[in-house]
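Okay, here's what each chain looks like letter by letter:
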Amino acid sequence: MARVPFVTPELVPAGHLEDYEAIIARRGGGPIKSGPTSVMINSPRMTVLATALNDYLVTDTVLSKRIQELAILIAARACS
């Protein structure tokens, strides 16, 4: 069982409902119950910003896919 309850639209403050709905739509429309997004969704605005950063790093980079993969492997090794 999760220590933090799953976020539902009823638990989201009114000012963050638009961000929450954008995240849910991007993830296929269902509840998010696993993965890092299930934790980040507790702060919908932060999740939107983190997703934008991720998209930028993955799709808008000038680095080749080969260099991107090398960077991922180096980071994974440093974290293990």
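Predicted, not measured: the structure shown is a model, and the values here were computed from it.

A. Main features of helix α1 (residues 17–26). Those residues of α1 that sit buried are Asp19, Tyr20, Ile23 and Ile24. End-on, the buried residues of α1 take up no more than an arc of 135°, which puts them together on one face. Exposed residues pointing more than 90 degrees away from the buried face of α1 are listed as Glu18, Ala25 and Arg26. For α1, the secondary structure elements touched by its buried residues are α2 (36–40) and α3 (44–59). Trailing α1 by a residue or two, Gly28 shows a phi angle of about 105°, which is positive.

B. Quick peek at the packing of α1 against α3. In contact at an axis separation of 8 Å, α1 and α3 are set at 45° when each is read in the N-to-C sense. Judged by the angle between their axes, α1 and α3 are oblique. Remark: the crossing between α1 and α3 carries left-handed chirality. Across the interface between the two elements, Asp19, Tyr20, Ile23 and Arg26 from α1 touch Pro44, Arg45, Thr47, Val48, Thr51 and Asp55 from α3.

Rules of the game
- Residues numbered from 1 in each chain as written.
- Predicted model: local features only at pLDDT ≥ 70, side-chain atom pairs only at ≥ 80, totals over all residues.
- Heavy atoms only, no water.
- Buried < 20%, exposed > 50% of the residue type's maximum accessible area, 1.4 Å probe, protein only.
- Helix = DSSP H or I, 4+ residues; strand = E, 2+ residues; numbered from the N terminus.
- Arc of directions from axis to C-beta.
- Contact = heavy atoms within 4.5 Å.
- Axes fitted to C-alpha atoms, helices over the stretch in contact; angles between N-to-C directions.
- Parallel < 35°, antiparallel > 145°, perpendicular 65-115°, else oblique.
- Left-handed = near helix turned anticlockwise from the far one by under 90°.

Honestly, it's all geometry; don't read function into it.
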